[in-house]
Amino acid sequence: MRWDNLKIGAEEGARLPGYRDPATVRRFDAPEALDMRFYEIHAKSALNRVPEASAMPFRWTINPYRGCSHACLYCFARPTHTYLDFDAGRDFEREIVVKVNVPEVLRAELKRPSWKGEHIAMGTNTDPYQWVEGRYKLMPGIWEALRDFRNPCSVLTKSPLVLRDLPLLKQIAEVTDISASLSVPTIDEKAWRASEPHTPNPRARLEAVAELNRAGIPTGILVAPLMPGINDDPKQVEEIIQTAIDAGATSIGGIGLHLRGEVRGVFMEWLRAYRPDLVDQYEELYARGAYLPQPERDRIARLLRDAGAPAQRPFRRDPADERPFERAFRRQMGPRGGRGPREREQRQAPGPPDAVQESLF
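Residues numbered from 1 in each chain as written. Predicted model: local features only at pLDDT ≥ 70, side-chain atom pairs only at ≥ 80, totals over all residues. Heavy atoms only, no water.

### Regarding the packing of helix 4 (residues 139-148) against helix 5 (residues 166-173)
Alright, step 1. Two elements in contact, helix 4 and helix 5, have axes separated by 9 Å at closest approach and are oriented at 15 degrees. The pairing of helix 4 with helix 5 is recorded here as roughly parallel in orientation. The two elements helix 4 and helix 5 meet at a crossing, and its hand is left-handed. Contacts between helix 4 and helix 5 involve P140, W143, E144, L146 and R147 on the former and, on the latter, L168, L169, Q171 and I172.
Alright, step 2. By residue class, the composition of the contact of helix 4 with helix 5 is 6 nonpolar, 1 polar and 2 charged. (Axes fitted to C-alpha atoms, helices over the stretch in contact; angles between N-to-C directions. Helix = DSSP H or I, 4+ residues; strand = E, 2+ residues; numbered from the N terminus. Parallel < 35°, antiparallel > 145°, perpendicular 65-115°, else oblique. Left-handed = near helix turned anticlockwise from the far one by under 90°. Contact = heavy atoms within 4.5 Å. Nonpolar A, V, L, I, M, F, W, Y, C, P; charged D, E, K, R; others polar.)

What follows is the structure, encoded as structure tokens:
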């Protein structure tokens, strides 16, 4: 395999629920990964269908990795690791599943006559540009398949590593719709290192936004999640948004923290150590559920607007929506469309725009 020269050891026989064949467990001789294990598996499918009941406006995703070494304390993808008999805490950050055959499987699926060229979103569960992508390099093969089949797509990430694949993104932009978004919850170094300890520097992410836009790839930002008392200082939010505007950001959005399932326990344990003075406040804020009370969501909406977020990005609640944040960012990830420019020109009206994915928040 193309990554054999990077291994420091591998063992056969680890079985993961839902996978027929045993995984090869690999470790890498790198400071960032010495206490991590990577489970190489062969996936039967690359495309994941989003349930019809979901408020997400896209219906297909690709997730080349399960688990995420970014270790964001608030990541709501954490509970998905329990399906593999791992825990949502440390295991989510240290036991990473790698779908080594995703590019090849994707190409076969896009080739099927039944495939209609629907929009595909990446970064919907865990970050495709987390540390391990630098070793396995699965994304170039994914981009190449999307380019060759002129399939509209988008990506949400916290890593400037996406710039490595800029030539491919530009090739895709020549034949179909593509957009990107960088998540930048904070530029305060203390809050950044404490809440998302293994992510790239947020200022480097903002620089990536500028470079992507200069290259013609529509790219926006997400100031998300906004955590009361931690990263919601108005001056800081204003600086993030102004920097994004200067970088040519095509969309700017943000939402408040939500704590669902096992994420609540992981986050609250961290909060007791990092900011014990906020524990009572958070227990009150989230006493009735996973989402901030409406008055607090309204405060965050005003905070973003006052800081300069574009007025066309709605931050009001849709009373008919169980998940207001999902509709609040329907325009975050760019347009959806058909297979290529000719088909897009023939449409009578543009398709519904993409939403931001929750899981990297």
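That covers the picture; the talk isn't over yet.
### Notes on the side chain of T219
Alright, step 1. Structurally, the position occupied by T219 is in strand 11 (residues 219-226).
Alright, step 2. By relative accessible area, T219 is classed as buried at 0%.
Alright, step 3. Of the polar contacts made by the side chain of T219, one reaches the backbone oxygen of I217; its length is 2.8 Å.
Alright, step 4. Once you skip the residues sitting within four places of it in the chain, T219 turns out to touch A180, S181, L182, V209, L212, N213, G248, A249, T250 and S251. (Buried < 20%, exposed > 50% of the residue type's maximum accessible area, 1.4 Å probe, protein only. Polar contact = N/O pair within 3.5 Å; in protein donor to acceptor, adjacent residues only side chain to side chain.)

### Looking at the sheet that holds strand 5 (residues 60-62)
Alright, step 1. Read from one edge to the other, the open sheet built from 7 strands follows the order 4-5-8-9-10-11-12, with strand pairing classed as mixed. Of all the strands in the sheet, the pair left with one neighbour each is strand 4 (47-49) and strand 12 (252-256). Taken over all neighbouring pairs, the strand axes of this sheet differ in orientation by 25 degrees on average, direction set aside.
Alright, step 2. With 4 bridges connecting them, strand 11 and strand 12 associate as parallel partners. Counterpart to L222 in the pairing with strand 12 is G253.
Alright, step 3. Helix 2 (residues 102-110) contacts strand 4, strand 5 and strand 8 (120-122) of the sheet and is inclined by roughly 65 degrees relative to strand 4.
Alright, step 4. Relative to the sheet, helix 4 contacts strand 5, strand 8, strand 9 (153-157) and strand 10 (178-183), its axis offset from that of strand 8 by approximately 165 degrees. (Pairing = 2+ DSSP bridges.)

### Quick notes on unusual backbone geometry
Alright, step 1. Of note, the amide linkage connecting A224 to P225 takes the cis form, showing an omega dihedral of 0 degrees.
Alright, step 2. Mapped onto the elements of the fold, P225 is located in strand 11.
Alright, step 3. Even without being glycine, A71 reaches a positive phi, approximately 65 degrees.
Alright, step 4. Along the chain, A71 falls in the loop between strand 6 (65-66) and helix 1 (90-94).
Alright, step 5. We classify A71 as buried; its relative accessible area is 3%.
Alright, step 6. We note that R150 has phi near 50 degrees; this positive angle belongs to a residue other than glycine.
Alright, step 7. Tracing the chain through its elements places R150 in the loop between helix 4 and strand 9.

### Observations concerning helix 7 (residues 202-214)
Alright, step 1. In this model, helix 7 (13 residues) spans 19 Å end to end at C-alpha, consistent with the 18 Å of a helix rising 1.5 Å per residue.
Alright, step 2. Restricting attention to buried positions, one finds in helix 7 the residues P202, R205, L206, A208, V209, A210, L212 and N213.
Alright, step 3. As for helix 7, its buried residues are in contact with helix 5, strand 10, helix 6 (189-195), strand 11 and helix 8 (234-246).
Alright, step 4. Its side-chain oxygen 2.8 Å from the backbone nitrogen of R203, N201 forms the N-cap of helix 7.
Alright, step 5. Just downstream of helix 7, G216 is the residue with a positive phi angle, here 90 degrees. (Expected span 1.5 Å × (residues − 1).)

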